[in-house]
Amino acid sequence: MTTAVSLFEGSIFNATSLAVALFGFIAGTFGARWARRALHPLNKALTFKLRSVASILSSASRGVTGIAVTRNGVELENPHLATIEIENSGSHAITSGQYDQDRPITINLGAAVIEVFKASYARGTASIPFKHSANGNQIHLGPDVLPKKAVLTLQILTSGKPVLGPISEHLGDVKIISLTENQLATAPRRNSKRSIWYTALAIVLAAALGIWIASVFSTGTQGPPSISISSTPRGDKDEVPEGSAMKITGIGFLRNESLSFIVFDGEDALLEGHGFISDLRGTFSWGITAPQSEEINAAGPTKARSMSLRIIRSDGSTIAAPFTLLGS
């Protein structure tokens with residue numbers, strides 16, 4: 001059975017690191033989005049957009065062609081068709097109860113409103129009508145419900161060119177945003193630049209969080225552990241003079257793994273050490289004094305003896321490295 005520790009060992013370490021980095025990216029992205037909302041909260045907001053204004057027949061054209069536009073038998077002066085969108089750009093629905101004393105939202109168009117052809121928003125495939133009325137230059141909306149992210153569309157016939165004039169409302173803490181045709185033409189560029197900055201911020205935060213998570217949860221091992229031995233004064237390969245400064249180096253161990261060592265001559269432990277800890281990268285470098293053995297000097301002219309350095313890991317397994325201890 002695979003244990004929690006084994007997930008960070010051997011060949012699956014890279015897959016584990018990738019999963020941690022992916023988690024960091026996702027967490028960073030949502031963190032950036034949360035930060036954006038925290039810095040720029042729009043709990044309740046309505047955005048009014050004058051999408052289009054089209055002249056049906058100008059006064060100059062009427063004088064030349066003699067053509068007139070009438071509605072219900074009444075001739076219209078400088079008639080226009082306008083489209084206005086009201087988007088609930090906040091994070092909550094606008095409810096009927098928010099209209100103080102049932103007073104509606106009033107839009108002054110600066111031109112006589114002849115008729116409102118459409119006042120509705122989409123919900124799935126259905127078109128939901130919105131309560132409205134018109135009086136002179138003004139359109140009155142509500143009280144009615146506008147769900148969050150819903151877009152209320154108005155199509156209006158006016159006598160004279162309409163503008164998105166003053167907006168009167170009694171909705172309490174609802175923020176009102178008004179955008180004209182010229183402002184709408186530049187808004188996408190501003191939003192695009194803002195999105196780029198937010199995306200860049202999300203990537204930076206995700207990378208930083210991924211690195212932090214990897215450093216905390218990864219165990220540091222990236223391959224099979226190994227150890228090497230060197231000494232000062234330096235002998236030949238795998239040769240260590242007795243009493244010299246002996247350096248033990250290890251790589252590929254667990255992060256902060258408790259280790260101990262034994263210098264073993266095949267029969268007896270000549271030197272033991274306990275309480276050593278690997279670093280955050282799963283490596284270590286220890287300095288000890290090489291053991292001395294009277295048997296080496298009594299062994300003849302070679303004055304050498306085969307030894308074994310054994311590293312005892314936290315799970316009880318051992319890793320051995322042979323070396324030759326040289327007599328003085």
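The subject of this paragraph is the overall build of the protein chain. From N to C terminus, the protein chain includes four helices and 20 strands. Here the protein chain holds 328 residues, and 35% of them are scored as buried. Expressed as a percentage of contacts within the protein chain between residues at least 6 apart in sequence, the contacts between residues at least 24 apart total 73%. Surface summary for the protein chain: the accessible area is close to 18,800 Å², and the carbon and sulfur share equals 57%.

A few words now on the nonpolar core. Counting 27 residues, the largest nonpolar core has Leu46, Ile84, Ile86, Leu141, Leu146 and Leu154 as the members making the most contacts within it. Put simply, the parts of the chain that give this core at least two residues each are strand S1 (45–55), strand S4 (79–88), strand S5 (105–108), strand S6 (112–123), strand S9 (138–141) and strand S10 (151–159). Those residues in contact with Ile86 that sit more than four places away from it in its chain are Leu46, Thr47, Phe48, Leu141, Leu146, Ala150, Val151, Leu152 and Leu154. Membership of the second largest hydrophobic core comes to 20 residues, among which are Ile227, Ala321, Phe323 and Leu325.

Let us look at the pairing of strand S20 (residues 318–326). Of the strand pairs in this sheet, strand S14 (residues 239–241) and S20 are connected by three bridges, and their pairing is parallel. Note that in S20 the partner of Glu239 across the bridge is Thr324. Here strand S19 (residues 304–312) pairs with S20 via nine bridges, running antiparallel. Paired with Met307 across the bridge in S20 is Phe323. Turn length for the S19-S20 hairpin, with the two strands adjacent in sequence and antiparallel, is five residues, and the turn residue Gly316 shows positive phi of about 90°.

Before going further, it helps to examine a nonpolar patch on the surface. A cluster of nonpolar side chains, contributed by Ile56, Leu81 and Phe117, occupies part of the molecular surface with about 260 Å² of accessible area. Position of Phe117 relative to the elements: it lies in strand S6. Classification of Phe117 as partly exposed rests on a relative accessible area of 42%.

With that settled, the discussion passes to unusual backbone geometry. Between Gly142 and Pro143 the backbone carries a cis peptide bond, its omega angle lying at 0°. Tracing the sequence through the fold places Pro143 in the loop between S9 and S10. A positive phi is found at Lys149, a non-glycine position, where the angle reads about 70°. Inspection of the secondary structure puts Lys149 in the loop between S9 and S10.

With that out of the way, let us pick up the pattern of salt bridges. Tallied over the entire structure, the rule returns six salt bridges. Between Glu85 and Arg51 there is a salt bridge, with its nearest N and O atoms 3.0 Å apart. Taken together, the residues Glu85 in strand S4 and Arg51 in strand S1 connect sequence positions 34 residues apart. With a closest N to O distance of 2.5 Å, Asp100 and Arg103 form a salt bridge. On the basis of relative accessible area, Asp100 is assigned to the partly exposed category, the value being 36%.

The subject of this paragraph is the sheet that holds S20. The strand order across the open sheet formed by five strands is S14-S20-S19-S16-S17, and the pairing between neighbours is mixed. Pairing within the sheet leaves two strands with one partner each, and these edge strands are S14 and strand S17 (269–277). Each strand axis lies, on average, 30° off the axis of its neighbour in the sheet, ignoring direction.

Within the secondary structure, Leu179 sits in strand S12 (residues 175–179). Distance from Leu179 to Thr47, taken between C-alpha atoms, is 7.4 Å for residues 132 residues apart in sequence.

What follows is about the side chain of Thr106. Mapped onto the fold, Thr106 is located in strand S5. When its relative accessible area of 12% is taken as the criterion, Thr106 is described as buried. At 3.1 Å, the side chain of Thr106 forms a polar contact with the side chain of His140.

Let us look at the sheet that holds S6. Strands sit in the order S7-S6-S10-S4-S1-S12 across an open sheet of six strands; the sheet is mixed. The outermost strands of the open sheet, each flanked by one partner alone, are strand S7 (126–129) and S12. Averaged over neighbouring strand pairs, the angle between their axes works out to 25° when direction is ignored. Sheet analysis places S1 next to S12, joined by five bridges and oriented parallel. Counted as the bridge partner of Thr47 is Ile177 from S12.

What follows deals with the pairing of S4. Extensive coverage of S4 is indicated by the burial of eight of its ten residues. When S1 meets S4, the two strands line up antiparallel, connected through nine bridges. Across the sheet, the residue bridging to Val53 is Ala82, located in S4. Note: S4 against S10, nine bridges, orientation antiparallel. What sits directly across from Ile84, in S10, is Leu154.

Thresholds, definitions, all that
Residues numbered from 1 in each chain as written. Predicted model: local features only at pLDDT ≥ 70, side-chain atom pairs only at ≥ 80, totals over all residues. Heavy atoms only, no water. Helix = DSSP H or I, 4+ residues; strand = E, 2+ residues; numbered from the N terminus. Buried < 20%, exposed > 50% of the residue type's maximum accessible area, 1.4 Å probe, protein only. Contact = heavy atoms within 4.5 Å. Areas by Shrake-Rupley, 256 points an atom, 1.4 Å probe, with all protein chains shown as cover. Core = buried A, V, L, I, M, F, W, Y, C linked by side-chain atoms within 4.5 Å. Pairing = 2+ DSSP bridges. Patch = residues over 30% accessible without salt bridge, like charges linked within 9 Å, V, L, I, M, F, W, Y side chains within 5 Å. Salt bridge = Lys/Arg side-chain N within 4 Å of Asp/Glu carboxyl O. Axes fitted to C-alpha atoms, helices over the stretch in contact; angles between N-to-C directions. Polar contact = N/O pair within 3.5 Å; in protein donor to acceptor, adjacent residues only side chain to side chain.

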